[in-house]
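# Structural features, examined
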Amino acid sequence: MGVDARRLRFVLVEPSHPGNIGAAARAMKTMGLSRLYLVNPDNYPSAEATARASGADDVLAAATVCSTLDEALAGCNMVLGTSARPRNLEWPTLAPRECSAQVAQEQGGGGEVALLFGRERSGLTNAELERCQFRVHIPSNPDYSSLNLAAAVQILAYEMALAGSVQTPSDDVRQDDSHAEQIEVERFFEHLQEALIDIDFLDPDNPRQLMRRLRRLFVRTRLLTTEVNILRGILTAAQRQVKLVRER
Ligand code: SAH
């Protein structure tokens, strides 16, 4: 089973050049992809975007414009973030071909996938990358590793098409124990942080890298909805006990 274009969205986070948005739409359409999401685009819609989209103005016109990343990720089970440079804390990183294999695998289990692209000037923030189960890096010149945004979209779109399925993908019925949606995982992280503060494990004035490391741990394990519910139940129980002790 290959990549299913219908359950794959390309999300451009705060693109500043309308030309890149148009070129990204064109890159996607050439590879049979159409689900483009734009988070807070500067200067959009614009004539320049339409011109650069060339014959792909249908993809552009159908693009979903969102004001927050959360909105763009609604309904997604897996999020992957492209990055031109290594960051200070290692994160599971895939090359484009491994990325498409991962997408196909996730979709085989019924999942919906988002691939994030960052700002032209500064890429994705660390916080945004931490929302991703995987980072995707296009191997490139270590001394000049940053591709143009639409060029990066083209390479990933090509890899997705290469891994595309010729068969019609089956309409998997989502089961109760499927991978949690990213918003559920995000709420779990918020709850975890709150509980760790409550039990005096995390000092909000000196948080260090704790939440980051815990996020990395949990995104590696691909939590199921049932597991998120158990973990949150444990947190609630711990919080209840601390409250009882403090009230005594
Ligand atoms: N100066 C930024 C680069 C932004 S390039 C930085 O250092 O992060 C704009 C976007 O194109 C990136 O956020 C990423 O989504 C994509 N991109 C560019 N080069 C890439 C590469 N080598 N691998 C993966 N994505 C890349």
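These numbers were taken from a predicted model, which means no experiment stands behind them.

### A few points about the overall build of the chain
A tally of regular secondary structure across the chain gives 10 helices and seven strands. Over its C-alpha atoms the chain spans a radius of gyration of 20 Å, differing by no more than 12% from the 18 Å that the globule rule assigns to 248 residues. Taken along its principal axes, the extent of the C-alpha atoms in the chain is 70 × 40 × 35 Å. Taking all 248 residues of the chain together, the buried fraction comes to 47%. Expressed as a percentage of contacts within the chain between residues at least 6 apart in sequence, the contacts between residues at least 24 apart total 85%. Accessible surface, the chain as shown: approximately 12700 Å² in total, 51% of it carbon and sulfur. Separation of charge centres in the chain, based on 28 positive and 32 negative side chains, amounts to 3 Å.

### Re the site of the ligand
Near the ligand you find 21 residues, and of these Thr82, Arg85, Ile138, Ser145 and Leu147 are the closest. Here an oxygen atom of the ligand and a side-chain polar atom of Thr82 are 2.6 Å apart. Note that a nitrogen atom of the ligand is positioned 3.2 Å from one of the backbone N or O atoms of Ser83. For the ligand, whose unbound accessible area comes to 550 Å², protein coverage reaches 93%.

### Focus: the packing of aromatic side chains
For the structure shown, the criterion picks out four aromatic pairs. Judged by centre distance (5.4 Å) and plane angle (40°), the ring pair of Phe10 and Phe117 falls under tilted. Residue Phe10 is located in strand S1 (residues 8-13), and its partner Phe117 is located in strand S6 (residues 113-117); the two are separated by 107 residues in the primary sequence. Overall, Phe10 belongs to the buried group, its relative accessible area being 1%. Counting every residue linked through ring pairs, the aromatic cluster contains Phe188, Phe189 and Phe218.

### Some remarks on the pattern of salt bridges
Considering all chains together, one arrives at 15 salt bridges under this definition. For the salt bridge of Arg246 with Asp200, the shortest nitrogen-to-oxygen distance reads 3.2 Å. Of this pair, Arg246 sits in helix H10 (residues 225-247) while Asp200 sits in the loop between helix H8 (182-198) and helix H9 (210-221), placing them 46 residues apart in sequence. The pair formed by Arg246 and Asp200 is uniform in burial state, with each residue classed as exposed. The structure contains a network of salt bridges with shared partners spanning Asp70, Arg131, Glu186 and Arg215.

### Overview of the confidence of the model for the chain
Predicted confidence across the chain gives a mean pLDDT of 91, with 94% of residues reaching 70 or more. Note that residues 166-174 has pLDDT below 50 and, in this model, 14 contacts with residues that lie over four places away or in other chains.

### Focus: the domain arrangement of the chain
In terms of domain boundaries, the chain breaks down into domain 1 (5-162) and domain 2 (175-247). Domain 1 puts 19 residues into the contact, and the matching count from domain 2 is 14 residues. Taken together, the two surfaces of domain 1 and domain 2 that pack against each other cover about 1600 Å², and 49% of this comes from carbon and sulfur. On inspection of domain 1 and its partner domain 2, the count reaches three salt bridges. With a shortest N-O distance of 3.0 Å, Glu186 and Arg131 are connected by a salt bridge.

Cut-offs and rules
- Residues numbered from 1 in each chain as written.
- Predicted model: local features only at pLDDT ≥ 70, side-chain atom pairs only at ≥ 80, totals over all residues.
- Heavy atoms only, no water.
- Helix = DSSP H or I, 4+ residues; strand = E, 2+ residues; numbered from the N terminus.
- Rg over C-alpha atoms; globule rule 2.2 N^0.38 Å.
- Buried < 20%, exposed > 50% of the residue type's maximum accessible area, 1.4 Å probe, protein only.
- Contact = heavy atoms within 4.5 Å.
- Areas by Shrake-Rupley, 256 points an atom, 1.4 Å probe, with all protein chains shown as cover.
- Lys, Arg positive; Asp, Glu negative; His and termini not counted.
- Charge placed at Lys NZ, Arg CZ, Asp CG, Glu CD.
- Near = heavy atom within 4 Å.
- Polar contact = N/O pair within 3.5 Å; in protein donor to acceptor, adjacent residues only side chain to side chain.
- Phe/Tyr/Trp six-rings, centres within 6.5 Å; stacked < 30°, edge-to-face > 60°.
- Salt bridge = Lys/Arg side-chain N within 4 Å of Asp/Glu carboxyl O.
- pLDDT = per-residue confidence, 0-100.
- Domains from an automatic or database assignment.
- Buried area = accessible area lost by both parts, 1.4 Å probe.

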